[in-house]
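# Summary of the model geometry
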Amino acid sequence: MTQEEKCYLWLTACTKLDYGERVALLNAAENPALLFREFEKFSKTVLKEDRNGLYISDVSAREKEVNALSERLERKNRFAVTMASSDYPEGLRHVFEPPHVLYGKGNRELLKREKFCIVGSRITPPWAEQAGRKFAEEIADKFVIVTGIAEGGDSAAISGAFESGNIICVLPCGLDDCYPASQVALKEKIARKGLLLSEFPFQERVHKGSFHARNRILAGLAKGVLVISAGCRSGTLITANCALDSGKDVFVFPYNLGVKQGEGCNNLVKTGAFLVTEAEDILSFYGYTAVKKQAVVLGREETLVMEILSQSGELHAAVIAERAGLQVFEAAATLSSLELKGLVTKSGGNKYSAL
Amino acid sequence: MVSKIICYALNGLDGVPVEVETDVNKGVPQYEMVGLPDTAVKESKERVRSALKNSGLLFPINKITINFAPADLKKEGASFDLAVAISLLKASEQLVGADLNGIVFLGELALGGELRPVSGLLPILISAKGHGYRKFIIPAANAKEASFMGGAEIYPAHSLTEVVKHLVGVEKIPPLQTEEFVVSVRTAGKKSSADLKYVKGQPVARRALEIAVAGGHNLLMVGPPGTGKTMLARCLPTVMPDLTFDEALEITKIHSVAGMLGDEGIVGVRPFRTPHHTATTVSMCGGGNRIVHPGEISLAHGGVLFLDELPEYKRSTLEALRQPLEDGCISVSRAGGTFTYPSRFMLCASMNPCPCGNYGSAERTCSCTASEIRRYRKKVSGPLLDRIDLQVEVDNITYDELTSAEEGESSAAVKERVNGARRIQHARFKDCGINTNAEMGERELSTFCTLSREGDDILRATFEKLHLSARARSRIVKVARTIADLDSSDRILPKHVYEAVSYRIYDKMD
């Protein structure tokens, strides 16, 4: 570990200095290595009087503290990425208050790859979840998918990308905790196959600001953000706004008028976000070509039902049956075979829509 | 002189013969009852005394000892009154020349000497007939119920005087005519107002209902409030196959024991029981102090047990349903002994899709998060859901959306198809000791439900794609079998499997 890295680690994890104080110290010293070596000197001039007396120690004591911390991290199979590390994500430097240190558990290699963020609110319509899953699966081919760990939209992105292992989840809490608690099993799975990131090495409860802070990291890590669902005051919009602020591209799913879970998405379109209908829209935006999947062979009734569904959005099974001239139970059988082929998705109330 | 009279006590659904022995001796006037009589039996003394006096008969002023044999069986209720009175008359030599051999006396006495009806008469008659008794004297108010048992001389009497006159041969009571159990009986009386033709829309749920009845499957309906779940459930008995006489008799026995028999004397329509969600385990499964009374699940025997708002029921109450659902009977143990009642019912449950109730609703949007919905659904345990083969969503689709909306099919038309499917199953399972597809075990599944290669592929794909639990497999196959039966197809075709998969909404969730 270099002196610079040690400096960042010590400042964030071993002191109780706030972000502003850390920045002031770093600016005064110009070089983090120098700051680490001669902290006493800078603290006296930079910090307020009641704070500068707190950390009177010499460089060897600081070394000891940092070594103890990194040993503890290692024991727990975790690592720290500091602003001085070679694999510190470049995009992160451009967000508001870029984190001095990020802690990770899992596949560190993923940090070096190109990343794309997919987020959605906790209440996401079933079709959007299905589509989000499909998008994540296809985009994970070229990018590492970055998302949160909440239910709904985030979970959809995770389940799509998980198989490929190209998945990074940024936690709002410490690496020891899990919020929401129901996702503990998922969190462990991601640590084994993908990568978990957090600003906090061990325990840290979530509070009101945690999600806001986490969302700026999501936006900072990724090249672009896809919002699969967002109400008009949804937290996903924070991620989207952070992305816009730091010059990232924002993509959204289209929503019908009057659908609450999509008001935020439509507002984003109004302000200039890209509307996407298939994963290829995103991949080709970045100059990739999507791998064409083999066309599925459909029967006569299946083709008919697909045609009906592609003409209008969500339809009730009985309406589909009526338009296709089938009995309701015949339509149910056809729809469930299409569902198995991944072409339609079922939402509540016996309604179906094409993907 | 000692007299012996036969009457019957109830033990569960079986009648147990009880001998009433009376000895009238010279001595200080005294009235003693032995042989474990309970309070109601002991109090018969006063009823008998008044009834005798008011019928113009003598209550002997002697030392009277009455014994109920067998002595170790607890005797409950007032149905021994008539036997005690007759026994007393016989012992005090007031019934000269009467032949009381082989006659079973049943009935409660009023102070004026009239006979009051007793509950559980039919099961007693059936047991007694099995024990070889052929002559019965019963309260006239129970006549209707008794008339469905053939092969016995049954004399319905209105009062003690009539009984005495009959016994001494002064005025014979005409024996009861055995009634034929015919369709007219079944449909007479309170006619069920439910009919599928009054159910608006609901094409998906209708179909599920038909499959459920055809294969004897249990059914769970999930839907927002006010979509007609209860209405649909009420139609279930109307599409179920007609009761056979034996079934009707068995159901009547249970209702008779519970004292819930109406004026018709026999339960001719399939029961539809809707216990409220505050029901206790005891009220559901049966219970009581010493004698166990049948619970809701036994009263629903042969019919439908409808549990509205399933997650609101107490967990323990729901878990208690698992064994009866499996075995078709329930054994309840109490201090008085262990009682077994039949409980082969169709379980139909309904619930909201989420705590706010609007998930999947056309008009309102749901405000629940995924974890809230999951927590709500977790209230119903997996093992119970395991026993529910069909899970269907009931939606509130409006009529305007269906332009060619025809009036719904009537229950009779659906029943026709159900009967057809049941006939196929009857022929298939004639050597297996089961009646319906739902009852199939592993052995029957492998014999009768072999899937084509294509069907097997579909199932495998289903598992991978929809994350179905392993136990869902056999249920899908059973339902697919029933769908094939409704289609009159001896093989299970891919379309049947696909349709069956669409009725597993809950397995897709977890």
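Residues numbered from 1 in each chain as written. Chains lettered and ligands numbered in written order. Predicted model: local features only at pLDDT ≥ 70, side-chain atom pairs only at ≥ 80, totals over all residues.

### Observations concerning the interface of chain A and chain B
Each partner contributes to the interface: chain A provides 24 residues, whereas chain B provides 26 residues. Of all the secondary structure elements, the ones that give two or more residues to the side of chain A that touches chain B are helix 15 (317-324) and helix 16 (328-340) of chain A. Here the element with the most residues in the side of chain A that touches chain B is helix 16 of chain A; it accounts for eight residues. Here the residues of the side of chain A that touches chain B sort into eleven nonpolar, nine polar and four charged. (Contact = placed C-beta atoms within 7 Å. Helix = DSSP H or I, 4+ residues; strand = E, 2+ residues; numbered from the N terminus. Nonpolar A, V, L, I, M, F, W, Y, C, P; charged D, E, K, R; others polar.)

### Considerations on the environment of B:Asp490
Residue and element names in this part refer to chain B. Relative to the helices and strands, Asp490 is located in the loop between helix 20 (472-486) and helix 21 (494-501). Given 10 C-beta atoms within 10 Å, Asp490 falls into the exposed group. Through-space distance from the C-alpha of Asp490 to that of Ala472 is 22 Å; in sequence the pair is 18 residues apart. (Buried ≥ 20, exposed ≤ 12 C-beta atoms within 10 Å, placed from the backbone.)

### Quick word on the sheet that holds strand 3 (residues 115-120) of chain A
Residue and element names in this part refer to chain A. Strand order in the open sheet formed by nine strands is 1-2-6-5-4-3-7-8-9, with mixed pairing between adjacent strands. Unpaired on one side and paired on the other, strand 1 (78-82) and strand 9 (274-275) mark the two borders of the sheet. Two elements, strand 2 (residues 101-106) and strand 6 (residues 195-198), share four bridges in a ladder whose sense is antiparallel. Bridging from a neighbouring strand, Gly104 pairs with Leu197 of strand 6. (Pairing = 2+ DSSP bridges.)

### What about the domain arrangement of chain A?
As far as domains go, chain A holds domain 1 (1-75), domain 2 (109-285) and domain 3 (300-354). Relative placement of domain 1 of chain A and domain 2 of chain A: their C-alpha centres are 33 Å apart. (Domains from an automatic or database assignment.)

### Observations concerning unusual backbone geometry
The amide bond that connects A:Tyr179 to the next residue, A:Pro180, takes the cis arrangement and shows omega of 0 degrees. Of note, the bond from B:Ala69 into B:Pro70 is cis; its omega dihedral lies within 30 degrees of zero at 0 degrees. Tracing the chain through its elements places B:Pro70 in the loop between strand 4 (63-69) and helix 3 (81-91). Positioned with a positive phi, A:Glu97 is a non-glycine residue whose angle comes to about 45 degrees. With respect to the helices, strands and loops of the structure, A:Glu97 is situated in the loop between strand 1 and strand 2. Classification of A:Glu97 by C-beta neighbours within 10 Å gives exposed; the count is 10. Of note in this structure, B:Ser488 is not a glycine but carries a positive phi near 55 degrees. Here B:Ser488 lies in the loop between helix 20 and helix 21.

### Topic: the sheet that holds strand 11 (residues 272-273) of chain B
All names here are of chain B. Taken in spatial order, the five strands line up as 11-14-17-10-18 in an open sheet, and their pairing is parallel. Of all the strands in the sheet, the pair left with one neighbour each is strand 11 and strand 18 (390-393). Relative to strand 17 (residues 346-351), strand 14 (residues 304-307) runs parallel, the two sharing four bridges. Its bridge partner lying in strand 17, Leu305 is registered against Leu347. Most of the contacts of helix 8 (residues 203-215) go to strand 18, to which it runs at about 165 degrees, and overall it touches strand 10 (219-222) and strand 18. Taken strand by strand, helix 9 (residues 229-239) contacts strand 10, strand 11, strand 14 and strand 17, and its axis lies near 170 degrees from that of strand 17. (Axes fitted to C-alpha atoms, helices over the stretch in contact; angles between N-to-C directions.)

### Notes on the nonpolar core
In terms of nonpolar packing, the biggest core is built from 155 residues, with B:Cys7, B:Ala85 and B:Leu106 touching the most fellow members. Those residues in contact with B:Ala85 that sit more than four places away from it in its chain are B:Val48, B:Ala51, B:Leu52, B:Leu109 and B:Leu160. Core analysis: the next-biggest nonpolar cluster, separate from the first, contains 82 residues, A:Val144, A:Leu226, A:Val250 and A:Ile282 among them. (Core = buried A, V, L, I, M, F, W, Y, C linked by C-beta atoms within 7 Å.)

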